[in-house]
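Residue strings, one per chain:
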Amino acid sequence: MTVPISKTAPKMALSVRDLSVTFRTTDGPVSAVDRVSFEVDAGEVLAVVGESGCGKSVTAMALAGLLPGSATVTGSVRLGERELVGASEQALRKVRGSEVAYVFQEPMTSLNPVFTVGRQIAEVLRVHRGMGKRQAQARAVELLGLVGIPEPARRLREYPHQFSGGMRQRVMIAMALACDPAVLVADEPTTALDVTVQAAVLDLLRDLGKRLGTAIVLITHDLGVVADIADRVLVMYAGRVVETAGTQELFDAPRHHYAIGLMGAVPTAARRSEEGRLREIPGLVPVLAEQPAACTFADRCPAADDKCRTAEPPLLPAARPGSAGTHRAACWHPADEEAR
Amino acid sequence: MRTYLLNRLWQSALTLLLASIVVFLGVRALPGDPALAFAGEERDPESLAAIRARFGFDQPLLVQFWKFLTAALSGDLGDSTRTGIPVTSMIGSALPVTIQLSVFALLVAVLVGGATGVLAAVRRGRPAEWFANAVALIGLSVPNFWLGLIAIIYLAVGFGWFPASGFVPFTVDPVANLHHLVLPALVLGSGLAAVVMRQTRSAMLESLGADYIRTARAKGLSPRAVVGSHALRNSLVVVVTIVGLQLGALISGAVVTERIFALPGFGKMTVDAVFQRDYPVIQGVVLVTASAYVLINFLVDLAYSLIDPRIRVTGAAS
Ligand SMILES: Nc1ncnc2c1ncn2[C@@H]1O[C@H](COP(=O)(O)OP(=O)(O)O)[C@@H](O)[C@H]1O
Ligand SMILES: [Mg+2]
């Protein structure tokens, strides 16, 4: 159950336990995240996958308390020794951008159009590191160089609209890494980019994560991205974790029928360049007012029976005999090899 | 940048020429005779003819216009047909009053309107927003003259806090000068403040919902930095545009306000000149006002490119 702690075990950077999020809306409550648990080690890349609307972004934003006031967050998010759920806004501000940093999907709009990229990077350093203007600028040049932007000293004085999408995302990454955070949350960082640029940005993320020992939580709906850079995978459906495993394990033997559905839709290298995104599984992700005592995927599942509709499947070890044993799935009728 | 400036200069000259033609023909289309106004009691045909000859009204329109234009280019706008005083010196004493009034009113509008607009956006759906909206509605719907009268009745006559009318040049007594301008500036600025408030509010709401605001919050910036720096800077373009568009309303509002508070400004001079059919003064006033418009628009465009790097003046020229 617990991760054994030894001298050689990598340091756990972030530990999330039973994280749940409910929104109050004018149409009543929306349960967006339900008892999600995971942890990420320093230098590790954990991918969170699932279709759009599965609660990936809400989970990401909940980590550093960035959800709007209409959200009720319960459970626990531990960053080292500190508990972030319920922490004061002031304490959270110190964490955001310095210990837990974010990279978002839309590089076109995520940078402020009226400030130079240099100013936007320096801002983080000035707020969290108390650096002066000069020092922050100098460090910003270093950071731009680190993320592979040519002529960093010159480009520092330019505005976001003068950068291409890929370069802008590099700027976002430089900004996120400015204070050497323990955790980097990247929410669909390459979704809006050209396929040709995606791989380069992913490589950069993975490379920097390993080099700086940053734990990366990579959110994506694209299993192709997962295969490229993730060490471990968390599959989310309708706010719940339905399967979690090492990347290789999951690709070799997915157990949950939702994961299998996603796999069936995995674009192969050739398919990927023409389609760029997942093929759809029939049906839609439900928006739930409250979490039912049932498998939320039952309505779309080929293997569902009465049990699936009346009892919630627990997330149980699902490893094949002889494998590492971190594989877990929440399914009453997990698929075996033949079923694939 | 150079081609832009040249383009701009040539467009401005054309605008001013058109404005002078329109006003030149316009005043002459008005019923009434300036010579009669100048003549006063002596209305015998000879003296009227002498007056017309003195101001050149007996010459063909084209010749009159040509003379007006060439003289204007050398800085001479002719003499008032009512008082005989050079129009340029009349403008020279009236214009500073109006400029001072307009600038103060603009400050009132931008400071009050901007602050309440930001407040209404940040405190969305809370009492502060209702309050700001109510103030804006009043500011928009109450006419200047009524507000002016109320201000005079209560603040000037009733409480005696401010003078009810008149003007003291800044160079003579700065404190008295400012004291005399407080009420007029508040009255003139109120309408524009309401417009600025509403535009600032909607621009801020849009900015605050933008992705870069999410980024700013995720960077750990304080709400003050998020709102006051990241969101506000993006809303300024809208505010500057509105101010630029509303300056016309501000100048016509100045005419009314100057009359209410008996300020010896441009507005009063214009109204007097129109009633007296004082052609040279009307022409001069319109020419100066048109120049002011041209200049202000240019400044607004420059301000754009300072605020938002995506707008480049060189790009606008081509
Ligand atoms: N501010 C909000 N108010 C109400 N519902 C929300 C809010 N944000 C997200 N949701 C809901 O939460 C669910 C999960 O959303 P999200 O985490 O954005 O999905 P994704 O996995 O695509 O990132 C969706 O049903 C969405 O409608
Ligand atoms: Mg999302």
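Quick caveat: nothing in here was measured; it's all calculated off a predicted structure. (Residues numbered from 1 in each chain as written. Chains lettered and ligands numbered in written order. Predicted model: local features only at pLDDT ≥ 70, side-chain atom pairs only at ≥ 80, totals over all residues. Heavy atoms only, no water.)

### What to know about the interface of chain A and chain B
- Counting residues at the interface gives 26 residues for chain A and 19 residues for chain B.
- Of all residues in chain A, Arg93, Pro113 and Val114 of chain A give up the largest surface area on contact with chain B, accounting jointly for 25% of the area buried on that side.
- Inspection of the chain A/chain B interface yields two salt bridges.
- In this structure, arginine 214 of chain B and glutamate 106 of chain A form a salt bridge, with 3.1 Å as the shortest nitrogen-oxygen distance.
- Here chain A and chain B share 13 residue pairs in polar contact (both at pLDDT 80 or more) between them.
- Broken down by secondary-structure element, the contributors of at least two residues to the side of chain A that touches chain B are strand S6 (100–103), helix H3 (117–129) and helix H6 (165–177) of chain A.
- For the side of chain A that touches chain B, the element with the highest residue contribution is H3 of chain A, accounting for six residues. (Contact = heavy atoms within 4.5 Å. Buried area = accessible area lost by both parts, 1.4 Å probe. Salt bridge = Lys/Arg side-chain N within 4 Å of Asp/Glu carboxyl O. Polar contact = N/O pair within 3.5 Å; in protein donor to acceptor, adjacent residues only side chain to side chain. Helix = DSSP H or I, 4+ residues; strand = E, 2+ residues; numbered from the N terminus.)

### Considering the site of ligand 1
All names here are of chain A.
- Around ligand 1 sit 13 residues in total, of which Gly53, Gly55, Lys56, Ser57 and Val58 are the nearest.
- A distance of 3.1 Å separates an oxygen atom of ligand 1 from a polar backbone atom of glycine 55.
- Here serine 57 contributes a side-chain N or O atom positioned 2.7 Å from an oxygen atom of ligand 1.
- Within the complex, 68% of the 560 Å² of free accessible area of ligand 1 lies under protein.
- At the level of secondary structure, the elements contributing two or more residues to the shell around ligand 1 comprise strand S1 (12–25) and helix H1 (56–63).
- With three residues, the top contributor of residues to the shell around ligand 1 is H1.
- For the shell around ligand 1, a count of residues per class yields six nonpolar, five polar and two charged. (Near = heavy atom within 4 Å. Areas by Shrake-Rupley, 256 points an atom, 1.4 Å probe, with all protein chains shown as cover. Nonpolar A, V, L, I, M, F, W, Y, C, P; charged D, E, K, R; others polar.)

### Quick look at the pattern of salt bridges
Residues and elements named next belong to chain A.
- Here the structure, examined in full by the defined rule, presents 26 salt bridges over all chains.
- For the salt bridge of glutamate 158 with arginine 155, the shortest nitrogen-to-oxygen distance reads 2.8 Å.
- A salt bridge links lysine 210 to aspartate 231; its shortest N-O distance comes to 2.9 Å. Of this pair, lysine 210 sits in helix H7 (residues 195–212) while aspartate 231 sits in the loop between helix H8 (223–229) and strand S9 (232–237), and the two are 21 residues apart along the sequence.
- Looking at lysine 210, the relative accessible area reads 38%, which means it is partly exposed.
- Several salt bridges converge on common partners, so that one network encompasses Asp34, Arg35, Arg240 and Glu312. (Buried < 20%, exposed > 50% of the residue type's maximum accessible area, 1.4 Å probe, protein only.)

### Quick look at the confidence of the model for chain B
Residues and elements named next belong to chain B.
- Within chain B, residue pLDDT values average 85, and 97% of them lie at 70 or more.
- Confidence, read as mean pLDDT per element, is least for helix H13 (residues 313–317) in chain B (45) and greatest for helix H9 (residues 211–218) (96).
- Taken over the whole predicted complex, pTM reads 0.82, whereas the ipTM for its chain interfaces reads 0.87. (pLDDT = per-residue confidence, 0-100.)

### Comments concerning the domain arrangement of chain A
Residues and elements named next belong to chain A.
- In terms of domains, chain A is made up of domain 1 (14–230) and domain 2 (235–329).
- Each side of the interface is counted separately: domain 1 has 31 residues, and domain 2 has 28 residues.
- Both sides together, the interface formed by domain 1 and domain 2 hides about 2,200 Å², and carbon and sulfur atoms give 56% of it.
- On the domain 1 side of the contact with domain 2, Glu51, Cys54 and Leu223 bury the most area, a combined 27% of that side's loss.
- Linking domain 1 with domain 2 are three salt bridges.
- Between arginine 300 and glutamate 51 there is a salt bridge, with the nearest N and O atoms lying 3.0 Å from each other.
- Elements with a minimum of two residues in the side of domain 1 that touches domain 2: strand S2 (28–41), strand S3 (45–49), H1, H7 and H8.
- No other element matches S2, which puts nine residues into the side of domain 1 that touches domain 2.
- Residue classes in the side of domain 1 that touches domain 2 are distributed as 14 nonpolar, eleven polar and six charged. (Domains from an automatic or database assignment.)

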